[in-house]
Amino acid sequence: MKSSLQNPTALLPERLAHPDAGLTASERTLAGALERDYPHALLESATALAARTGTSASTVVRLFAKLGYGSYAEAQREARAEMTALLQTAGQRAPVTIGTRRSLQQCVDDALLHDQHNITATHDGLDMAAFEAMATLLAQDTGRVFVLAQINSAPVAAWLTLHLNMCRPGVQELGVGAVAATDQLLWVQPGDLLLAFSIRRYASGPVKVAERFRAAGGRVLAITDSTSAPLAMLADHRLLVRTSNASPFNSYTAAFFLCNALVSAVAQLRHEAVSEALAQRDRLWQDVEAHLLADAGPGCRPGRP
């Protein structure tokens, strides 16, 4: 078992179970109260927590230092992340994340710490077998890849579609463009892939699309925030992403990280084909895009994206 200092991503309950240093009587009293009421106890100030547990603010500071936290505020950020992970909507998360007074500098620091934790937790919890299976399927030439996301996940899906399209043919966003999603589903065939995002709160649309793919002999890949997500239960392979945030809204930084890793893996598996495709793209840019921009007028200078 790693100690809390050896494992800085460990949550408070684990750190309390395996402290790095012996605790005083007052610190053990405080630790017991935290174990009984985590994460709610950390939503109040250190002074309020000390008063409620019959200890002192200095005891609070010493305990969290012994547990490997840089500050009490760092532990509070962790607690807010755990609380918001249990809440479905931005409205439910708002009192937890913005119900206390924070400076704008704290908003910046909180966002950084949450995203660092999201990426680390996503990386450390990665199912490498599922990742390799997904990358291998996406790297195949056969079949088409349909990328599906709704509302908040749409920017990540658009980025993934754009870059997968540079790595292999037959990649498109499902429902984007003139042809409606329902019409695109008419022609799903065995060998086609659905890569769908599903982040709470879960919509029924991706589940219905996944059911259609499976019925037609296609395969389903999921990127979601929980193994209990309805889409995850229909997926041939799934990857989990952490989305906690210092605001009421989910953070998609770790989702971009995961998609970046998938694109990198697909490009590696298809390295020769990708090199050729990108060289061809450069030629197309010179032949098509630069002229389109030139025709648009002197205010539009051609350049590569």
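Residues numbered from 1 in each chain as written. Predicted model: local features only at pLDDT ≥ 70, side-chain atom pairs only at ≥ 80, totals over all residues. Heavy atoms only, no water.

K.L.:
Hey, could you go over the packing of aromatic side chains for me, with residue numbers and the actual values?
P.N.:
Taken as a whole and assessed by the stated rule, the structure comprises four aromatic pairs. Judged by centre distance (5.2 Å) and plane angle (70°), the ring pair of Phe-64 and Tyr-72 falls under edge-to-face. Of the two residues examined, Phe-64 and Tyr-72, each falls in the buried class. Between Trp-159 and Phe-256 the ring centres are 6.4 Å apart and the planes differ by 80°, which places this aromatic pair in the edge-to-face class. Of the two residues, Trp-159 is situated in helix H9 (residues 154–165) and Phe-256 in helix H12 (residues 253–269); the sequence distance between them amounts to 97 residues. In this structure, Arg-15 packs its charged tip against the face of Tyr-69, placed 3.9 Å from the ring centre. (Phe/Tyr/Trp six-rings, centres within 6.5 Å; stacked < 30°, edge-to-face > 60°. Buried < 20%, exposed > 50% of the residue type's maximum accessible area, 1.4 Å probe, protein only. Helix = DSSP H or I, 4+ residues; strand = E, 2+ residues; numbered from the N terminus. Lys NZ or Arg CZ within 6 Å of the ring centre and 35° of its normal.)

K.L.:
Could you give an account of the side chain of Arg-168, naming the residues involved and the relevant values?
P.N.:
Relative to the helices and strands, Arg-168 is located in the loop between H9 and strand S2 (171–173). Buried charge without a salt bridge: Arg-168, with Asp-141 as the nearest opposite-charge side chain at an N-O distance of 6.1 Å. A polar contact of 2.7 Å, which involves the side chain of Arg-168, links it to the backbone oxygen of Gln-140. A distance of 2.5 Å separates a polar atom in the side chain of Arg-168 from the backbone oxygen of Gly-143. (Lys, Arg positive; Asp, Glu negative; His and termini not counted. Salt bridge = Lys/Arg side-chain N within 4 Å of Asp/Glu carboxyl O. Polar contact = N/O pair within 3.5 Å; in protein donor to acceptor, adjacent residues only side chain to side chain.)

K.L.:
Run through the pattern of salt bridges, naming residues and quoting values.
P.N.:
Going through the model one piece at a time under the given rule, you end up with seven salt bridges. Residue Asp-37 pairs with Arg-52 through a salt bridge whose shortest N-O separation is 3.9 Å. Taken together, the positions of Asp-37 in the loop between helix H2 (25–36) and helix H3 (46–53) and Arg-52 in helix H3 put the pair 15 residues apart, joining distant regions of the chain. A relative accessible area of 27% places Asp-37 in the partly exposed class. The exposure class of Arg-52 is partly exposed, given its relative accessible area of 44%. A salt bridge links Asp-192 to Arg-144; the shortest N-O distance between them is 2.7 Å.

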